[in-house]
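Structural description and commentary
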Amino acid sequence: MLKPLLLIVICLALLGLSLRLFYNGWRQSGSERVLERLSQGQPQLAGEEPRWAGLERAFLRAGLGRPTDRLGVWLLLWAFATLIGFAVAGWVGLLVLMALPPVVMRLYVSWRYQRRLRRMIEQLPQLLDHTVRSLKSGRTLADAVLGGIEASEAPLKDAMGRVQRNVQLGVSLPDAVADLAELYERDEFRLFALGLKVNHRYGGNASELLENLIKMIRERDQASRQLRAMTGETRLTAWVLGLLPITMAGYFLLSNPVYLVAMWHDPSGQRMLAAAFGMQVLGSLLLWRMLRSL
């Protein structure tokens, strides 16, 4: 009786949510949608910082857009999945579906951010080299940097679009690049912003400064690659330790499925499986933190 009733409640809630979204989309005018798109990625005023600023910041750095536009839908689906887990597997399913989606989302967003940032750092010397050539041809520093942004490729061009929009809105180039460096929290962007700020305030040879920055970025990248090569055995060991329990559980399910099914239907077995799942999640998080420190 509980499962059909739960299914009816979920269907009614989804129907109400779809009607609400249709009504909101119908009421929203075209000008409001245009203004929303133009304001995406722009810095918020200190007094108007949204409640989900940390979540928006993480998604923006990962290149996933603004999550708060559909946050209510995702929270509702998470709540429904938690109820279904409770109806199917009891308290164990409830706890698993309460803890697993946030952890998976956090790991995915962090992985996307690290991969995107690594690609941006690889593309940054090309942007700076284009800027240096433009400076030597007689263009101003701001025009050279904006021209380099136009000539770059994604994902660096998408991230640097934030700098272009800020400059078009009247923000100085050093402040716009400093805002980008504060968002992505990377030393290369901070040094780029610092060099632009020093040149803007005190003058000097900007092309020589940028050439030294290009040399520093490439040397750091080479050192990072050497470090990854030397710590490859450690990282491989961490992957093996993290995947070994999951592989063994899959082997048991294929070779003797009655063994785990019997544990699942036994109260003490459920507690053991829940404890094993929690320890696996904790161990994977610890190994992931260790890998990030290498």
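Every residue gets a number counted from 1 within its own chain, in the order that chain's sequence is written. Note on the predicted model: pLDDT of at least 70 is required for a residue's local features to be given, and 80 or more for side-chain atom pairs to be given and counted; whole-chain, interface and lining totals, by contrast, use all residues. To obtain the side-chain values, all non-hydrogen atoms of the structure were used and water was disregarded.

Secondary structure follows DSSP: runs of H or I at least 4 residues long count as helices, runs of E at least 2 residues long count as strands, and numbering of each begins at the N terminus. Of regular secondary structure, the protein chain possesses twelve helices and zero strands. When the helices and strands of the protein chain are read in sequence order from the N terminus, they spell out α-α-α-α-α-α-α-α-α-α-α-α. Per-residue accessibility takes into account occlusion by the displayed protein chains alone, with areas from the Shrake-Rupley method and a 1.4 Å probe. Surface exposure of the protein chain reaches about 19,600 Å², of which carbon and sulfur atoms provide 63%.

The next point concerns the nonpolar core. One finds Leu128, Met160, Val163, Tyr184, Phe189 and Phe192 to be the most contacted residues of the largest nonpolar core, which totals 36 residues. Here this core gets ten residues from one element, more than from any other, and that element is helix 4 (residues 71-136). When neighbours within four sequence positions are excluded, Phe192 is seen to be in contact with Leu128, Val145, Met160, Val177, Leu210 and Leu213. We define a nonpolar core as any set of buried Ala, Val, Leu, Ile, Met, Phe, Trp, Tyr and Cys residues linked to one another through side-chain atoms lying within 4.5 Å. Only protein chains enter the accessibility calculation, which uses a 1.4 Å probe. A residue is then buried if its area is under 20% of the maximum for its type, exposed if over 50%, and partly exposed in between. Only heavy atoms matter for contacts: two residues are in contact if any of them lie within 4.5 Å across the pair.

Residue-level pLDDT values for the protein chain average 80, and 81% of them are 70 or greater. Residue-level confidence of the predictor, termed pLDDT, takes values from 0 up to 100. Element-level mean pLDDT values for the protein chain span from 54 in helix 2 (residues 30-39) up to 91 in helix 7 (residues 173-184). Scored below 50 in pLDDT, residues 41-49 makes ten contacts in the model with residues more than four places away or belonging to other chains.

As a further point, take the packing of aromatic side chains. Note on aromatic contacts: the rings of Phe and Tyr and the six-membered ring of Trp form a pair at centre separations within 6.5 Å, being stacked when their planes are under 30 degrees apart, edge-to-face when over 60 apart, and tilted otherwise. Under the defined criterion, the tally for this structure stands at three aromatic pairs. Between Tyr251 and Phe252, the aromatic rings sit 6.1 Å apart at their centres with planes inclined by 50 degrees, giving tilted as the arrangement. Classification of Tyr251 as exposed rests on a relative accessible area of 51%. Only when the NZ atom of a Lys or the CZ atom of an Arg is both within 6 Å of the ring centre and within 35 degrees of the ring normal do we say a charge sits over the ring. It is Arg61 that lies over the ring of Tyr113; its NZ or CZ is 4.3 Å from the centre.

Just to be clear on terms, a salt bridge is a Lys or Arg side-chain nitrogen sitting within 4 Å of an Asp or Glu carboxyl oxygen. Scanning the model with the defined rule gives twelve salt bridges in all. Between Glu122 and Arg119 there is a salt bridge whose closest N-O contact spans 3.5 Å. Note that Glu122 and Arg119 are positioned in helix 4 at a spacing of three residues, about one turn of the helix. Residue class for Glu122 comes out partly exposed when judged on its relative accessible area of 33%. Close ionic contact of Asp129 with Arg133 constitutes a salt bridge, the shortest N to O distance being 2.3 Å.

What follows deals with the packing of helix 4 against helix 8 (residues 187-202). In a pair of packed helices, the angle between the axes and the distance between the axes together describe the arrangement. Running from N to C, helix 4 and helix 8 cross one another at 30 degrees; their axes reach a closest spacing of 10 Å. Within the contact between the two elements, helix 4 uses Leu117, Met120, Ile121, Leu124 and Leu128 and helix 8 uses Glu188, Phe189 and Phe192. Interaxial angle, 0 to 180 degrees, is taken between N-to-C directions of lines fitted to C-alpha atoms, where a helix line uses only the stretch in contact.

Next up on the list: unusual backbone geometry. With an omega of 5 degrees, the peptide bond between Ala154 and Pro155 qualifies as cis. Notably, Glu185 is not glycine yet its phi reads approximately 55 degrees, a positive angle. The residue Glu185 is located in the loop between helix 7 and helix 8 in this model.

A separate point is the packing of helix 6 (residues 156-168) against helix 7. Two elements in contact, helix 6 and helix 7, have axes separated by 9 Å at closest approach and are oriented at 145 degrees. Seen along the crossing, helix 6 lies across helix 7 with a hand that is right-handed. Taking contact as the criterion, the partners of Ala159, Met160, Arg162, Val163, Asn166 and Val167 in helix 6 are, on helix 7, Leu173, Ala176, Val177, Asp179, Leu180, Leu183 and Tyr184. Each residue gets one label: Ala, Val, Leu, Ile, Met, Phe, Trp, Tyr, Cys and Pro are nonpolar, Asp, Glu, Lys and Arg are charged, and the others, such as Gly, are polar. Grouping the constituent residues of the contact of helix 6 with helix 7 by class yields ten nonpolar, one polar and two charged. Crossing handedness follows the turn of the near helix against the far one: under a right angle anticlockwise gives a left-handed crossing, and clockwise gives a right-handed one.

UniProt positions are given in the numbering used here, feature names are shortened, and annotations may be inferred rather than shown by experiment. In this numbering, the UniProt entry assigns the feature "transmembrane region" (unreviewed entry) to residues 76-109, 236-254 and 274-291. Taken end to end, residues 76-109 is 100% helix and 0% strand, and its first and last C-alpha atoms sit 20 Å apart. Structurally, residues 274-291 is divided into 100% helix and 0% strand, and its ends, taken at the C-alpha atoms, are 26 Å apart.

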